[in-house]
Amino acid sequence: MNLVEGKLKVVNGKKVAIVSTRWNHFIVDRLVEGAVDAFSRHGGNDEDLTHVLVPGAYELPMVIDQLLASGKYDAVCALGAVIRGATPHFDYVSAEATKGIASVSLQHRKPVSFGLLTTDTIEQAIERAGTKAGNKGFESMTVIIELLDLYETL
Ligand code: INI
């Protein structure tokens, strides 16, 4: 049996963009720190990493689309936090962001990881941003690193 899998080592020269939201920046900035940490600790060079800020999660897909259409990036790590609170806005924003992120990845045939927290409370988001449930930004970047290597093989 042939096993095909990606290695957890940054493929040399691959350009990665982190796209993160200003919304909930107190939490999302921790995800960005985790993603940058994962990139450098898996052998990535600082000059191969670009950070792009967008207003909110709703804008993630359209900006990722622009970045991938430019041909300058091999993969995108999308980071944000949509927190339910007391508004139905949550459902619209999180649904559009989720669908859009999956869709741009398929459309451009490039890895885009889903580092968007969708939680009921701020506490749940904080738990996933470098406290008791780890750091989803770090995890999202390790997914990108694995997929870049896997796509090279495929
Ligand atoms: N954007 C977020 O990234 N997180 C949220 O929790 C959020 N809530 O709750 O409304 C949010 N809304 C803004 C939205 O993403 C757009 O930026 C805005 O609607 C303008 O298009």
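Quantities reported herein were computed from a predicted structural model and do not represent experimental measurements.

Caption draft 1: Representation of the overall build of the protein chain. Along its length, the protein chain carries five helices and six strands. The order of α-helices and β-strands along the protein chain, N terminus first, is β-α-β-α-β-α-β-α-β-β-α. Taking 15 Å as the expected radius of gyration for a compact globule of 154 residues, we find that the protein chain reaches 15 Å, a close match to that expectation. A principal-axis box enclosing the C-alpha atoms of the protein chain has dimensions of 50 × 35 × 30 Å.

Caption draft 2: Inspection of the sheet that holds strand β2 (residues 49–54) at higher detail. Spatially, the four strands line up as an open sheet ordered β2-β1-β3-β4, and their pairing is parallel. Edge strands, defined here as strands with exactly one partner in the open sheet, are β2 and β4 (112–119). The sheet shows a mean angle of 15° between the axes of neighbouring strands, taken without regard to direction. Packing of helix α5 (residues 136–153) onto the sheet brings it into contact with β1 (16–21), β2, β3 (75–83) and β4, and relative to β3 it is tilted by some 155°.

Caption draft 3: Geometry of the environment of Leu 60. With respect to the helices, strands and loops of the structure, Leu 60 is situated in helix α2 (residues 60–69). When the C-alpha atoms of Leu 60 and Val 19 are compared, they prove to be 7.1 Å apart, with 41 residues separating the residues in sequence. Beyond its immediate sequence surroundings of up to four residues, Leu 60 is in contact with Val 19, Thr 21, Val 54, Leu 79, Ile 101 and Leu 116.

Caption draft 4: The packing of helix α1 (residues 25–41) against α5, seen in detail. The geometry of α1 relative to α5 is characterised by a closest axis approach of 6 Å and an angle of 40° between their N-to-C directions. Regarding the angle of α1 to α5, the classification is oblique. The two elements α1 and α5 meet at a crossing, and its hand is right-handed. Between α1, through Leu 31, Gly 34, Ala 35, Asp 37, Ala 38, Phe 39 and Arg 41, and α5, the contact on the second element is made entirely by Lys 136, Gly 137, Phe 138, Met 141, Thr 142 and Ile 145. Residue composition of the contact of α1 with α5, grouped by class: seven nonpolar, three polar and three charged.

Caption draft 5: Up close: unusual backbone geometry. Despite not being glycine, Asn 24 shows a phi value in the positive range, around 55°. Residue position: Asn 24 is located in the loop between β1 and α1. Note on Asn 24: relative accessible area 24%, which makes it partly exposed. A positive phi angle, near 55°, is found at Arg 109, a position not held by glycine. In this structure, Arg 109 sits in the loop between α3 (89–108) and β4. For Arg 109, a relative accessible area of 70% puts it in the exposed group.

Parameters and conventions
Position numbers for residues start from 1 in each chain and track the written sequence from start to end. Side-chain atom pairs in this predicted model are given and counted only at pLDDT of 80 or more, local residue features only at pLDDT of at least 70, and totals for whole chains, interfaces and linings cover all residues. To obtain the side-chain values, all non-hydrogen atoms of the structure were included, while hydrogens and water were left out. What counts as a helix is a DSSP run of H or I of at least four residues, what counts as a strand is a run of E of at least two, and both are numbered from the N terminus. Only C-alpha atoms enter the radius of gyration, while the globule expectation follows 2.2 Å times N to the 0.38, with N the number of residues. Two strands pair under a simple rule: DSSP has to find at least two bridges between them. Helix axes are fitted to C-alpha atoms over the stretch in contact, other axes to C-alpha atoms as well, and angles between N-to-C directions run from 0 to 180 degrees. Whether two residues are in contact is decided by their heavy atoms: any pair within 4.5 Å suffices. With respect to orientation, any angle under 35 degrees is reported as roughly parallel, any angle over 145 as roughly antiparallel, any angle of 65 to 115 as roughly perpendicular, and every other angle as oblique. Crossing handedness: left-handed means the near helix sits turned counterclockwise from the far one by under a right angle, and right-handed means the same turn made clockwise. Three classes are used: nonpolar for Ala, Val, Leu, Ile, Met, Phe, Trp, Tyr, Cys and Pro, charged for Asp, Glu, Lys and Arg, and polar for all others, with Gly counted as polar. The buried label applies to any residue whose accessible area, calculated with a 1.4 Å probe on protein chains only, is under 20% of its type's maximum; exposed applies above 50%, and partly exposed to all values in between.

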